[in-house]
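The residues making up each chain are set out below.
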Amino acid sequence: NTKLELSKLRPGLYFVEVRKEGYERERFEVFLRRGETKKVYVTLELITGYIEFLNYPQGASVYVDNSLYINKKVVEVPIGKRVVKVTKFGYEPLETTVTVYPYETTGVSIELIPAVFYISNFKISKDKINPKVNGLSNCEISFYANANGKAVIKIEDENGNVVKQFNFERFTTWNNSVDWDGRDSNGNLVSDGRYNVILESAAGSFEGFIQVAYFGIVPNTDFCVKIYTKTFFTACLMYSVLAGKSC
């Protein structure tokens, strides 16, 4: 909101015009009597045009200046240069700039190109887990896939034996993940040790590791014991005690 105050005006009739780029002009009359204070509120209407999406692909997400439009072939937007971005899983993103004119419709042809399958952003949320402690009992293995494809995640012990396997038969979205809770394919807790995490696909492979330990891995909270002794003075000693460790 913009506030404008005018003072020391003579009584009489005034013609007022309010302008702002991209908005309709507003014109009106104001009659002032002697000694009168008058408040006038003005609301300007945005000047808009239209974008029509030609060859709209089913299941696509269309953004105009970062505003999302789903299943809309014609949208009303402010005039001027607008950035249009179209995304759909399995296709390369499309981005183009169009100029929208007052009350006119501008057509944008959407022709998406199938994407070449790849995987990226392979991450393991924790490098250490303790399957017997809540909050530390599992970790997330995540990655990005841009198109339809297959992949497998194998968790191997130090001897190369596969203790757990996750199969991805067909990707349908970009962000994918699984949780591993420190158990093998039969539901049994695995032994202490280092486990390799291997993602294999036609687009390449990724590796990482997870350390499983049932002692020494605790939540980020220390348990404190206060010991008070009293001789000639009072002292307070504080010790940190970690779960799974002897003092």
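Can you lay out the overall build of the protein for me, pointing to particular residues and giving the numbers?
Counting secondary structure elements, the protein contains zero helices and 19 strands. Across the 247 residues in the protein, those meeting the buried criterion constitute 31%. On the protein, roughly 17,400 Å² of surface is accessible, and the fraction owed to carbon and sulfur atoms is 48%.

Describe the pattern of salt bridges, with residues and values.
Applying the stated rule across the entire model yields eight salt bridges. Linking Asp65 and Arg82 is a salt bridge whose minimum nitrogen-to-oxygen distance equals 2.5 Å. With Asp65 in the loop between strand 4 (61–64) and strand 5 (67–69) and Arg82 in strand 7 (residues 80–87), the pair connects residues that are 17 residues apart, well separated along the chain. Asp65 sits in the partly exposed class, given a relative accessible area of 33%. Overall, Arg82 belongs to the buried group, its relative accessible area being 16%. Glu200 is paired through a salt bridge with Lys154; the nearest N and O atoms lie 3.6 Å apart. Of this pair, Glu200 sits in strand 16 (residues 193–201) while Lys154 sits in strand 13 (residues 151–156); the two residues are 46 residues apart in sequence, bridging distant segments of the chain. Beyond isolated ion pairs, a larger network of salt bridges with shared partners links Glu17, Arg19, Arg25 and Arg27.

Break down the pairing of strand 16 for me, with residues and values.
The pairing of strand 13 with strand 16 spans six bridges and is antiparallel. The partner of Ile153 across the bridge, within strand 16, is Leu199. Summarising the sheet, strand 16 and strand 17 (residues 204–212) pair through nine bridges and their orientation is antiparallel. Paired with Gly193 across the strands is Val212, a residue of strand 17.

Can you tell me about the pairing of strand 17, naming the residues and giving the values?
Here strand 11 (residues 128–129) runs beside strand 17; their pairing, made up of two bridges, is parallel. Bridge pairing links Ile129 to Val212 in strand 17. Connecting the antiparallel pair strand 16 and strand 17 is a turn made up of two residues.

So what's going on with the sheet that holds strand 3 (residues 48–54)? Residues and values would help.
Taken together, three strands build an open sheet; the order of strands is 6-3-9 and the sheet is mixed. Either end of the sheet is taken by a strand with one partner, and the two such strands are strand 6 (74–78) and strand 9 (105–109). Strand-to-strand twist in this sheet, taken as the mean axis angle between neighbours without regard to direction, amounts to 30 degrees.

How would you explain the packing of aromatic side chains if you had to name every residue and give the values?
Summed over the entire model, instances satisfying the criterion amount to nine aromatic pairs. By way of ring pairs, the aromatic residues Phe117, Phe143, Phe168 and Phe171 are connected into one cluster. The side chain of Lys132 reaches across the aromatic face of Tyr214, ending 5.2 Å from its centre. Sitting over the face of the ring of Phe209, Arg194 holds its NZ or CZ atom 3.8 Å from the ring centroid.

Help me get a handle on a nonpolar patch on the surface, residues and values and all.
A contiguous nonpolar patch, built from Leu4, Leu6 and Leu9 and spanning about 350 Å² of accessible area, is present on the exposed surface. Relative to the elements of secondary structure, Leu9 occurs in the segment before strand 1 (12–18). Taking the relative accessible area as the measure of exposure, Leu9 reaches 40% and is therefore partly exposed.

Give me the lowdown on the sheet that holds strand 4, citing residues and values where you can.
In any sheet, the strands associate via hydrogen bonds between backbone groups, in a parallel or an antiparallel arrangement. In spatial order, the strands read 5-4-7-8; together these four strands make up an open sheet with antiparallel pairing. Looking at the sheet topology across the chains shown, the edges are occupied by strand 5 and strand 8 (94–100). Strand-to-strand twist in this sheet, taken as the mean axis angle between neighbours without regard to direction, amounts to 30 degrees. Relative to strand 5, strand 4 runs antiparallel, the two sharing three bridges. When the bridges of strand 5 are listed, Val62 appears paired with Tyr69.

Reading the values: the criteria
Residues numbered from 1 in each chain as written. Predicted model: local features only at pLDDT ≥ 70, side-chain atom pairs only at ≥ 80, totals over all residues. Heavy atoms only, no water. Helix = DSSP H or I, 4+ residues; strand = E, 2+ residues; numbered from the N terminus. Buried < 20%, exposed > 50% of the residue type's maximum accessible area, 1.4 Å probe, protein only. Areas by Shrake-Rupley, 256 points an atom, 1.4 Å probe, with all protein chains shown as cover. Salt bridge = Lys/Arg side-chain N within 4 Å of Asp/Glu carboxyl O. Pairing = 2+ DSSP bridges. Axes fitted to C-alpha atoms, helices over the stretch in contact; angles between N-to-C directions. Phe/Tyr/Trp six-rings, centres within 6.5 Å; stacked < 30°, edge-to-face > 60°. Lys NZ or Arg CZ within 6 Å of the ring centre and 35° of its normal. Patch = residues over 30% accessible without salt bridge, like charges linked within 9 Å, V, L, I, M, F, W, Y side chains within 5 Å.

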